[in-house]
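Here is what each chain is made of, one letter per residue.
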Amino acid sequence: MIDSGKMTTIARPYAAASFEYAIAHQALPAWETFLQSAASITNDAAIKKLFASPNLQKQDLAELYCNLLQPQLDNEKKNFLRLLAENLRLEALPEIAKLFAEARAAAEKKITVTVTSAAPLDEKYQQTLIAALTKRLQREVELENEVDETLLGGVVVRAGDIVIDGSIRGKLLRLNEFI
C-alpha cells in the first residue's frame, strides 16, 4: 500500500494529462465521470485483492477495467487505462480522479467548502457564510455542513488548504497553549 503523499505524487502527472486532454476536446464532464467511475472500481474490495495477485497480468487488469467501464469508454480512455495498467498505476485512479476534480473546480472558479459545526447550520446562516466565503475566496462556493458535537460551538471551515478554526474547542486549545 502506497502512502497518500506518494500516491498524490504518482497521480499528479496522469491527472494533469487527462485534464489537459479533456479541456482540449471539450470533454471535462465525460472525463470526470469516467475517472470517478474508475476510482469507484479501484476502491472495491474485490478489485483491491486482484492488485495483490501475482497471477494476474497487467493487460488482464486493463481489460477488466475496460469491460466494466465499456459504456463510458472511447479509444482515448481505453488507452489511458492501458497506460495506467502498463505502468502499474491503476491503484492511483482514486487520487487521479480527486486531482482532476480539483483542477476542474479551479478552472471553473468553484470550490467545495466543508464547515464543521457543533449543530446543523440553519439555511440563513449557510447563505451568509456562502456570501462571505465567495467574497473572500473569489470563487463560487458549494457548502457542505458536517456536525461534530465535540466542537462545543462555533465552526471550523476547510476550503482546500485553508483551515479557519473558529470553534470554541479550538479557541480553548489555543488558550491552553499560553497557560
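Up top is the structure these notes are about.
So, a few notes on the structure that sits alongside this text. These numbers were taken from a predicted model, which means no experiment stands behind them.

Cut-offs and rules
- Residues numbered from 1 in each chain as written.
- Predicted model: local features only at pLDDT ≥ 70, side-chain atom pairs only at ≥ 80, totals over all residues.
- Heavy atoms only, no water.
- Helix = DSSP H or I, 4+ residues; strand = E, 2+ residues; numbered from the N terminus.
- Rg over C-alpha atoms; globule rule 2.2 N^0.38 Å.
- Buried < 20%, exposed > 50% of the residue type's maximum accessible area, 1.4 Å probe, protein only.
- Contact = heavy atoms within 4.5 Å.
- Areas by Shrake-Rupley, 256 points an atom, 1.4 Å probe, with all protein chains shown as cover.
- Lys, Arg positive; Asp, Glu negative; His and termini not counted.
- Charge placed at Lys NZ, Arg CZ, Asp CG, Glu CD.
- Phe/Tyr/Trp six-rings, centres within 6.5 Å; stacked < 30°, edge-to-face > 60°.
- Pairing = 2+ DSSP bridges.
- Right-handed = clockwise from strand over helix to strand, strands pointing away.
- Salt bridge = Lys/Arg side-chain N within 4 Å of Asp/Glu carboxyl O.
- 1 Å grid on protein atoms, 1.4 Å probe; cavity = no way out; pocket = protein on both sides within 12 Å on 5 of 7 lines; lining within 4 Å.
- Points joined across faces, edges and corners; volume = space filled by probe spheres on them.
- Nonpolar A, V, L, I, M, F, W, Y, C, P; charged D, E, K, R; others polar.

A short note on the overall build of the protein chain
(1) Moving on: Helix and strand counts for the protein chain stand at 8 helices and 4 strands.
(2) Moving on: Helices and strands in the protein chain line up, N terminus first, as α-α-α-α-α-α-β-α-β-β-β-α.
(3) Moving on: A compact globule built from 179 residues would reach a C-alpha radius of gyration of about 16 Å, whereas the protein chain, at 20 Å, exceeds it by more than 25%.
(4) Moving on: Each principal axis of the C-alpha atoms in the protein chain carries an extent, and together these give about 60 × 35 × 25 Å.
(5) Moving on: Here the protein chain holds 179 residues, and the buried ones make up 36% of them.
(6) Moving on: Pairs at least 24 residues apart make up 67% of the contacts formed inside the protein chain by residues separated by at least 6 positions.
(7) Moving on: With an accessible surface of roughly 11200 Å², the protein chain has 54% of that area assigned to carbon and sulfur atoms.
(8) Moving on: Distance from the positive charge centre (21 side chains) to the negative charge centre (24 side chains) of the protein chain: 3 Å.

Some words on the packing of aromatic side chains
(1) Moving on: Counted according to the given criterion, the structure contains 5 aromatic pairs.
(2) Moving on: Seen in terms of ring centroids, W31 and F34 are 5.3 Å apart; in terms of plane orientation they differ by 90 degrees. Their pairing is edge-to-face. Placement of the pair is W31 and F34 together in helix α2 (residues 28–43), with a separation of 3 residues, close to one helical turn. Each member of the pair, W31 as well as F34, is classed as buried.
(3) Moving on: Clustering of aromatic rings is evident, with ring pairs tying together Y21, W31, F34 and F80.

Concerning the pairing of strand β1 (residues 110–117)
(1) Moving on: Where burial is concerned, most of β1 is hidden: 6 out of the 8 residues are buried.
(2) Moving on: With 8 bridges connecting them, β1 and strand β2 (residues 140–147) associate as parallel partners. Bridging across to β2, V113 finds its partner in L143.
(3) Moving on: Between the parallel elements β1 and β2, the chain passes through helix α7 (residues 123–137) in a crossover that is right-handed.

Regarding the pairing of strand β3 (residues 155–159)
(1) Moving on: Among the 5 residues of β3, 4 are classified as buried, and the element is accordingly described as predominantly covered.
(2) Moving on: Here β1 runs beside β3; their pairing, made up of 4 bridges, is antiparallel. Across the sheet, the residue bridging to V115 is V157, located in β3.
(3) Moving on: Direction of pairing for β3 relative to strand β4 (residues 162–165): antiparallel, over a ladder of 4 bridges.

Focus: the pattern of salt bridges
Two side chains carrying opposite charge are able to pair once their charged atoms lie near each other.
(1) Moving on: Tallied over the full model, the rule gives 8 salt bridges.
(2) Moving on: Taking the shortest distance from any N to any O, the salt bridge between K77 and D74 comes out at 3.5 Å.
(3) Moving on: For K77, a relative accessible area of 6% corresponds to the buried category.
(4) Moving on: Residue classification places D74 among the partly exposed positions, given a relative accessible area of 30%.
(5) Moving on: Close ionic contact of E102 with K98 constitutes a salt bridge, the shortest N to O distance being 3.6 Å. Of this pair, E102 and K98 both sit in helix α6 (residues 93–107), 4 residues apart, which is roughly one turn of the helix.

Quick look at the environment of P120
(1) Moving on: Relative to the helices and strands, P120 resides in the loop between β1 and α7.
(2) Moving on: In this structure the C-alpha to C-alpha distance between P120 and D148, which are 28 residues apart in sequence, comes to 9.2 Å.

Focus on the layout of surface pockets
(1) Moving on: In this structure, the largest pocket spans a volume of roughly 610 Å³.
(2) Moving on: Lining the largest pocket are 18 residues; nearest its centre among them are A101, E102, A105, I111 and T112.
(3) Moving on: Elements represented by at least two residues in the lining of the largest pocket include exactly α6, β1 and β2.
(4) Moving on: Per-element tally for the lining of the largest pocket: the top contributor is α6, with 6 residues.
(5) Moving on: Residue classes in the lining of the largest pocket are distributed as 5 nonpolar, 3 polar and 10 charged.

Honestly, that's just the spatial picture; any functional story needs more than this.
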